[in-house]
Amino acid sequence: MTTRRMFLLGSAAVAGGVAIGFHDRWLERVPREINLAPGQTALTPYVIIDAQGITIITPRAEMGQGIHTTLAALVAEELDVSLELVRVAHGAASELYTNSVLHGTRRFEGWTNPLAATQGTGGQTSTRDAFVKMRKAGAAARSVLVQAAARQWGVNAESLTTRDGAVFDMAGQRLDYMELAAAAAAIEPPADPPLKPPAEWKLLGQSQARVDMPGKCTGTAQYAIDVPLDGMLFATVKRNPHRGGRMLGYDATRAEQMPGVERVVPMEDGVIVVATNTWYAFKAADTITFDWEPAAYPPTSDGHRQRVDGEFEREPYFTARDRGDVEAAIANATSLEGTYRVPYLAHATMEPLNATAHLRDGQLDIWAGNQNPTKARLIGATLAGLDKDAVNVHTTYMGGGFGRRFELDDVQAAVLAAVAVPGKPVRVTYSREEDFAQDRFRPMASAKFRAAVADGKPVALDLKVSAPSLFVSSKARQVVGNEHGRLPEEDRSIVMGARSQKYGFDNLRVTAYRPEDMLPVGWWRSVGESQNCFFYESIMDELAHAAGADPLEMRLGLLDHEPSRQVLASVAEMSNWGGAVPEGRSRGLAYALASGQATAQVIEISRGDDGIRLHRAWVAVDVGVALDPRNIEAQVQGAMVFGLSAAIYGEVTIADGIVQQSNFDSYRLLRLSQVPPIEVRVHESGERIKGVGEAGTPAAAPALGNAIFAATGQRVRELPFSKTLDFA
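Everything numeric in this text was worked out from a predicted model, so none of it was measured.

Okay, the sheet that holds strand 20 (residues 445-454) next. Reading across from one edge, 14-22-21-20-15 is the order of the five strands in this open sheet, with mixed pairing throughout. Every other strand in the sheet has two partners, leaving strand 14 (318-323) and strand 15 (334-342) as the edge strands with one partner each. The average undirected angle you get between the axes of adjacent strands in this sheet is 10°. Pairing geometry for strand 21 (residues 457-466) and strand 22 (residues 508-513), over six bridges, is parallel. Bridge pairing links Lys464 to Thr511 in strand 22. Packed onto the sheet, helix 14 (residues 529-547) meets strand 15, strand 20, strand 21 and strand 22 and runs at close to 150° relative to strand 15.

What follows concerns the side chain of Asp491. Turning to its location among the elements, Asp491 is positioned in the loop between helix 13 (470-476) and strand 22. Although Asp491 is buried, it makes no salt bridge; Arg514 carries the closest opposite charge, 6.9 Å away. A polar contact is formed between the side chain of Asp491 and the backbone nitrogen of Phe471, at a distance of 3.4 Å. Ignoring anything within four residues of it in the chain, the contact list for Asp491 reads Tyr317, Phe318, Ser469, Leu470 and Phe471.

Attention now goes to the nonpolar core. Counting residues in hydrophobic clusters, the biggest one holds 85 residues, and the most contacted among them are Leu704 and Phe727. Counting residues per element, this core draws most heavily on helix 14, at nine residues. Non-local contacts of Phe727, meaning those with residues more than four positions away in its chain, are made with Asp610, Gly611, Ile612, Leu614, Ile648, Tyr649, Leu704, Ile708, Phe721 and Ser722. Formed by 44 residues, the second largest nonpolar core is a distinct cluster that contains Ile48, Leu71, Leu160 and Leu627.

Attention now moves to the pattern of salt bridges. Applying the stated criterion across every chain, the model contains 40 salt bridges. We note a salt bridge from Arg60 to Asp129, for which the minimum N-O separation is 2.9 Å. You can see Arg60 sitting in the loop between strand 4 (53-57) and helix 1 (67-79) and its partner Asp129 sitting in helix 3 (residues 126-153), a full 69 residues away along the chain. Summarising the burial analysis for this pair, Arg60 and Asp129 share the class buried. Through salt bridges with shared partners, a single ionic network connects Arg404, Glu407, Asp409, Asp439, Arg440 and Arg477.

The end-to-end C-alpha distance of helix 16 (residues 562-575), which contains 14 residues, comes to 20 Å, matching closely the 20 Å that a straight helix rising 1.5 Å per residue would cover. If you check which residues of helix 16 are buried, you get Pro563, Ser564, Val567, Leu568, Ser570, Val571, Ala572, Met574 and Ser575. Structurally, helix 16 contributes buried residues whose contacts are with helix 15 (551-558), strand 23 (585-594), strand 24 (597-608), strand 25 (611-622) and strand 28 (678-683). Positioned one or two residues after helix 16, Asn576 has a phi angle of 55°, which is positive.

On to the layout of surface pockets. The computed volume of the second largest pocket comes to approximately 910 Å³. Around the second largest pocket, the lining is made up of 36 residues, and of these Gly244, Ser473, Ala476, Arg477 and Pro520 lie nearest the centre. By residue number, the principal contributor to the lining of the second largest pocket is helix 13, which donates three residues. Among the residues forming the lining of the second largest pocket, the class breakdown is 14 nonpolar, nine polar and 13 charged.

Let us now look at helix 14. With 19 residues, helix 14 extends 26 Å between its outermost C-alpha atoms, agreeing within 8% with the 27 Å of an ideal straight helix rising 1.5 Å per residue. Among the 19 residues in helix 14, 17 count as buried, and that is most of the element. Backbone geometry just downstream of helix 14 places Gly548 in the positive-phi region, at approximately 70°.

Definitions and cut-offs
- Residues numbered from 1 in each chain as written.
- Predicted model: local features only at pLDDT ≥ 70, side-chain atom pairs only at ≥ 80, totals over all residues.
- Heavy atoms only, no water.
- Pairing = 2+ DSSP bridges.
- Helix = DSSP H or I, 4+ residues; strand = E, 2+ residues; numbered from the N terminus.
- Axes fitted to C-alpha atoms, helices over the stretch in contact; angles between N-to-C directions.
- Contact = heavy atoms within 4.5 Å.
- Buried < 20%, exposed > 50% of the residue type's maximum accessible area, 1.4 Å probe, protein only.
- Lys, Arg positive; Asp, Glu negative; His and termini not counted.
- Salt bridge = Lys/Arg side-chain N within 4 Å of Asp/Glu carboxyl O.
- Polar contact = N/O pair within 3.5 Å; in protein donor to acceptor, adjacent residues only side chain to side chain.
- Core = buried A, V, L, I, M, F, W, Y, C linked by side-chain atoms within 4.5 Å.
- Expected span 1.5 Å × (residues − 1).
- 1 Å grid on protein atoms, 1.4 Å probe; cavity = no way out; pocket = protein on both sides within 12 Å on 5 of 7 lines; lining within 4 Å.
- Points joined across faces, edges and corners; volume = space filled by probe spheres on them.
- Nonpolar A, V, L, I, M, F, W, Y, C, P; charged D, E, K, R; others polar.

This is the structure we're talking about:
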């Protein structure tokens, strides 16, 4: 049974307010009691009520995906209050806000707790984590408010109703939640409050106005790069561009004599230049000469590719799937084989990495757009020599994350700078060039396949995937500790999207290979599924053509997963697959089961004198339970554009051991005029909720590649497509 406790709410605490919520049973640890300011009472930290109104804590990072709106609606639905009547705040860094899905994730099967007790935002887990516990937070708050009103009126609580942030009796008398909050704080919240059935939902299942939209439209939304603090200094970093190498020496004599430069702070792999404005810091950093240790990886892109492809000649890392007799099936049927390749990819967030830190009087404050506040707090405490309770992390909006802001190297630099100039806040901003150079990239990968068809259908597939390990790479660069614990014996991220598809092959083998000493790699939108679904679905298209089968009908004949069949049938209906296609146009189809979520896409293109042009796209996606249809549509469209942009143009190359891309002129993205209209149909297969932030990415590249084959007869097996074809 949960007892009342007081919790440190950091920036979410409201003077004189009452926090009401629900401590869910999935959390393994309850933070120790911490004294709050007089008049502040916390039952549990999701709902805060004060004289000004209601604040809902949404402890996942808002990076444009609309998560603050959806999570706030979960609480507001059960609290019987409209979103227009509430404020929304991210909340403090606390294990109490652990993402239960990431904490016990099975996404990387074979390894327990890969992200430990993390407050992380990523992997389409936010709504899955919050769907029950945040609704219960609202229901628990409503329960104690109703009980407080019942006591004040001397009536039975069952006779009261709630709406619009108030409690009503049968005679129509009204008590606002603000009037009842103090009395409600003295009442024990129910351990397991009942939830509204979906038939009674007023907010959930309906499209909501985004709570972050007014600020973003008026320019008043605060990102980390906007945080104004008195007496602030500004800084930038220069790190070894030969990734993983140390700084052997440097000469900052000229930089230290330049106007506005306060000091140059050395790090193991570079320096931080602190100045009175960012421009001074940038210009001074450019004058410093360095002696860099070389990298352990090959100095050229060709060398990296040779290492990835050469791994196929070595012993496998592990076998992820092995059923039937693949060798016999291939030997006794019409066979085909080939190799697919994808390059390293950058995250290319629109807002460059930046963070602000302020160390004073034994207290450290950090302002950063980040995807893991509890890790940021640990970094701050370790580098500043403080207890973690002396560190406050203020998580702001961020201009893109896609997994990059899990890394927190910007927070590390900001804390080191703050330690060097105690008493003064310091904002560290990466130049765009440094941001690209210091990325943790989507892995370069290759896939070799052999397959066979007989009697008009596929009968065997042998798929080998070679890619560096995300977990090995991540462990090697931990700033402090190792929140991932021991490394997994088998890093399943290498075969994500290749081992989980629901095709009923009688003979199937999927094998992982792990090249070492590569560029540092990290979490990229949809992780291993982003490349492996391209491999798998392109191969499926090759098999359909080799078998003389319709790509849609062949897939439907092999699938034994009803949600997958449903999204394929749906996208076929939307696009009129098999019907008449406008003259000069061709279509490609792809399906993916990614993070347990079925999605299917069709892309229509034409080929003219100016290159390939994308005309229309259709997507069907199963989300389990649709909480906000308009936001789901936007997320699927955005994820698909993200995937298409990478498929057409995305590539990170290496020369002399250094990444060559440094800005958006050398790392191209799709222009608005190139993006086709994208029609989205949302499926709800049942009560188990699924995420949506990555759903549109994995199938985008193979759908386009299959359309290119339909239009040109050319099977392009290497990304980006623009290396082989022109695009209008």
